[in-house]
Amino acid sequence: MKSAWVERDAKAAIDHFAQAGIDAALALRIYSTRLLGREPKLVLHGGGNTSLKTTARDLLGEDVAVLCVKGSGWDMAAIEPAGMPAVRLEPARSLRSRAALSDDEMVRVLRALLIDPQAPSPSVETLLHAFIPAKVVDHTHSTAVLSLIDQPNSADLCAEVYGGKLGFVPYIMPGFALAKSAADEFDKNPKVEGLILDKHGIFTFGNDAREAYERMIEFVTLAEARVAKNRKSLAGVKPPQPVALVHEVAPILRGACTLKDAFGEGAHKRLILDFRSSDAILAYVNGQELARYAGAGVLTPDHAIRTKNWPLIVPPPQAGALDDFKTAAHTAVRQYVDRYTAYFKRNQPRSPAAAMHDPLPRVVLVPGLGLFGLGVTAKDARIAADIAEAAVEGIAGAEAIGRFTSITEPDMFDIEYWPLELAKLGARKRAPLDGQVAVITGAAGAIGTATAKLFAEAGAAVALLDLDNVAAAATAKAIGGASMAIQCDVTDAGSVRAAFERTVAAFGGVDIAISNAGAAWQGKIGEVDEATLRESFELNFFAHQKVAQAAVKIMLAQGSGGCLLFNVSKQAVNPGANFGPYGLPKAATLFLVRQYALDYGADGIRANAVNADRVRSGLLTDDFIAQRAQARGVSEKDYMTGNLLQREVTAQDVAQAFLAQALALKTTADVTTVDGGNIAAALR
Ligand SMILES: [Zn+2]
């Protein structure tokens, strides 16, 4: 591993932070923390921590010795001074004389020692940093170092690679006992430049930020060299060919990894899937001994809260034999759930107050194809996939030089259900559409944009389909997070298929399809040319059918229900003069909704329609409004508010109606009217 230290950048950091009154030592501490945090082979998603011993002025104006240490919940890659809370050093050090200190007490004492009572809680590894006398201390979960120390003979390997430069601390979970044990190991040889924490990670020490950082790079490089030496590759099995494609496999896996009725009848717990593949991943998942090494436990304990302690392994999915794969996947998930539940029950006496997490896997390994990270949100799925990729590299490295070995099952349980570790995940309120994937057509228009935003706010991952990809991409960017824009012509079957395949590849499946794209054609029905009528039918009827068909195919593969929502118009029930070419296909689409409700109700797939009228949009442009108002001899305002409630209907109102239908789990074949009240268009 190459050092990323650039002297010019380090000086710039000193100058930058000096403006905020921060001294050079802390500025460099921030700089090197970011360098460590930006390297995924060292630190992933909240793992690792760093510290600096210095002085700070307390609120009473006294200068005291402090430990500035990474605060809980801060990402090292983007750390700021506020993310390095200062803890009074001497009282923290004095805790070492205690025989024991419970986690709760440790957290309370550390909070009491904060210079700023409003600062974030310091890292759970704070006392280890405090007990080591070095001015600067760095800690990472380097993948290469883990390949070296996740071994039955890790102590011997460390002695061989590091000589006496690093002390070796046997595995203990983080907390007071580990801090004491690490300090005792340091005292045995105060000349060590760092410590190995067996099955966990590495610490390096320095008189300044650069020294500790460069030592980290040096020791990681030594581990990399050892892992590369006489490296033997994983013995592979060739999966049956041809292997099915990711968009065929993902919905099946996603359906199998769904907890039916977890939140009430029809309210399933679903997960988002994040797919990864590469030569390294394929070599790993095609390994002859995959079940042994992948099932042996986590690469470092910190991963347990994200990926659980072992992944789900399914048989290779052969193209053309997806029914067999589906049966096998469901069996594998059932076995996983049973195994996880038994693991929890076996170990629960260690933590009687713990409530079992959902027993679904967070990583799925698919021989011949790759791996999936799973999560309640797309972000969680990405994190699980990132960690799974690190595990692939670290475990393959361990197997290259020996035999991958993780911590024991009780140790795994202790860390997976450790409240201080779980606190890293933060409190997040469940959103109504958590884990669900929604596809919206006509997403760049007024109603499509409002709907995409509202569904994203409700927790769904959203795919925005539109002909106008630039506008859809701008909306996706504004939504941020779990959203993607896909260019799609809904009147073209191939384009619709490709858009759904991309959605499935990105998020794992589809639960809600909002078929919204439409356009208006006019003409007196007795005189209009047939081409106009057919053109309108292509977009206002057949495109809805194409979208619904593509969605239903995925929903059936998932086997966990779903929801089809259609933008039908008032015209479907109440024709407007010269609007036949628009109203006729919309009337057919209203019937289409009922046909889907009837044919797929038994599969838990609901179909509902929104009848909107007079919504300002690409369809009802300002010019068009002016024309219609003039034709009726009323002002534009009166035209737009010409309804029973005398209120203009907005795109937001339509989006709300779609969301209400998506959430109404016992409602299907429904038509919701969003027109401010039009008694002539009221449904019987
Ligand atoms: Zn750690």
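Below, the structure is looked at part by part.

So, on to the sheet that holds strand β8 (residues 272–276). Ordered in space as β8-β11-β10-β9, the 4 strands form an open sheet in which the pairing is mixed. Because the sheet does not close on itself, it has two edges, and the strands there are β8 and β9 (312–313). Looking at chain direction, β9 and strand β10 (residues 363–366) are connected through 2 bridges and run parallel. Its bridge partner lying in β10, Ile-313 is registered against Leu-365. Packing of helix α15 (residues 378–401) onto the sheet brings it into contact with β8, β10 and β11 (370–375), and relative to β11 it is tilted by some 140 degrees.

A separate point is the sheet that holds strand β7 (residues 201–206). In spatial order, the strands read β3-β2-β1-β4-β7-β6-β5; together these 7 strands make up an open sheet with mixed pairing. Looking at which strands have only one partner, the edges of the open sheet turn out to be β3 (86–88) and β5 (166–169). Going from strand to strand, the sheet's axes swing by 25 degrees on average, the running direction of each strand aside. Here 7 bridges tie strand β1 (residues 49–57) to strand β2 (residues 63–69), and the two strands are oriented antiparallel to one another. Each residue of the ladder has a partner; that of Arg-57, found in β2, is Asp-63. Strands β5 and β6 (194–197) of the sheet are contacted by helix α7 (residues 154–162), whose axis makes an angle of about 175 degrees with β5. Against the sheet, helix α8 (residues 176–188) contacts β5, β6 and β7, and its axis sits at roughly 140 degrees relative to β5.

Counting residues in each nonpolar core, the largest one holds 119 residues, and the members touching the most others are Leu-127, Leu-253, Phe-372, Phe-500 and Leu-564. Take this core: its biggest share by element is 11 residues, from helix α21 (residues 530–558). Beyond its immediate chain neighbours, meaning those up to four positions away, Leu-253 contacts Leu-273, Val-314, Phe-325, Ala-329, Val-364, Val-366 and Phe-372. If you look at the next biggest cluster of nonpolar residues, it comprises 65 residues, including Trp-5, Leu-35, Met-76 and Leu-146.

Summarising the metal site, the zinc ion is bound by the protein donors His-139 (NE2), His-141 (NE2) and His-200 (NE2), whose distances to it range over 2.1 to 2.2 Å. Taken in chain order, the donor set of the zinc ion reads H-x1-H-x58-H. Neither His-139 nor His-141 differs from the other in exposure class; each is buried.

With that out of the way, let us pick up the pattern of salt bridges. With the rule as written, the count across this model stands at 36 salt bridges. Put simply, Glu-185 and Lys-188 hold a salt bridge, and the shortest N to O gap is 3.0 Å. Of the two residues, Glu-185 and Lys-188 both sit in helix α8, 3 residues apart, roughly one turn of that helix. Taking the relative accessible area as the measure of exposure, Glu-185 reaches 16% and is therefore buried. Each member of the salt-bridge network shares a partner with another, and the members are Glu-7, Lys-11, Arg-210 and Glu-214.

Aromatic ring pairs are defined here through the distance separating the ring centres and the angle between the ring planes. Counted according to the given criterion, the structure contains 20 aromatic pairs. Between Phe-413 and Tyr-417 the ring centres are 4.8 Å apart and the planes differ by 25 degrees, which places this aromatic pair in the stacked class. The class of Tyr-417 is buried, set by a relative accessible area of 5%. Both rings, one in Tyr-596 and one in Tyr-600, keep their centres 5.8 Å apart while their planes meet at 25 degrees; by these two values the pair is stacked. Taken together, the residues Tyr-596 and Tyr-600, both in helix α22 (residues 580–600) and 4 residues apart, mark about one turn of the helix. Relative accessible area serves as the criterion here: at 8%, Tyr-596 is assigned to the buried category. Here a set of aromatic residues connected by ring pairs shows up, and it is made of Trp-310, Tyr-336, Tyr-340, Tyr-343, Phe-344, Phe-413 and Tyr-417. It is Arg-339 that lies over the ring of Trp-310; its NZ or CZ is 3.8 Å from the centre. A cation over an aromatic ring shows up here: Arg-628 above the ring of Phe-579, its NZ or CZ 5.1 Å from the ring centre.

Bringing unusual backbone geometry into the picture now. In this structure, the amide linkage connecting Gln-241 to the following residue, Pro-242, adopts the cis form with an omega of -15 degrees. Checked against the element boundaries, Pro-242 lands in the loop between α9 (209–228) and α10 (246–256). Even without a glycine there, the phi angle at Lys-199 is positive, about 60 degrees. Within the element layout of this structure, Lys-199 appears in the loop between β6 and β7. The phi dihedral of Asp-261 falls on the positive side, at around 60 degrees, and the residue is not glycine.

Let's shift gears to α8. Its 13 residues place the ends of α8 19 Å apart at the C-alpha level, agreeing with the 18 Å of an ideal helix rising 1.5 Å per residue. Buried within α8 we find Phe-176, Leu-178, Ala-179, Ser-181, Ala-182, Ala-183, Glu-185 and Phe-186. Summarising the contacts, the buried residues of α8 are in contact with α4 (103–112), α5 (126–131), β5, β6 and β7.

Quick notes on the rules
- Residues numbered from 1 in each chain as written.
- Predicted model: local features only at pLDDT ≥ 70, side-chain atom pairs only at ≥ 80, totals over all residues.
- Heavy atoms only, no water.
- Pairing = 2+ DSSP bridges.
- Helix = DSSP H or I, 4+ residues; strand = E, 2+ residues; numbered from the N terminus.
- Contact = heavy atoms within 4.5 Å.
- Axes fitted to C-alpha atoms, helices over the stretch in contact; angles between N-to-C directions.
- Core = buried A, V, L, I, M, F, W, Y, C linked by side-chain atoms within 4.5 Å.
- Buried < 20%, exposed > 50% of the residue type's maximum accessible area, 1.4 Å probe, protein only.
- Donors = N, O, S within 2.8 Å, 3.2 Å for Na, K, Ca; no water.
- Salt bridge = Lys/Arg side-chain N within 4 Å of Asp/Glu carboxyl O.
- Phe/Tyr/Trp six-rings, centres within 6.5 Å; stacked < 30°, edge-to-face > 60°.
- Lys NZ or Arg CZ within 6 Å of the ring centre and 35° of its normal.
- Expected span 1.5 Å × (residues − 1).

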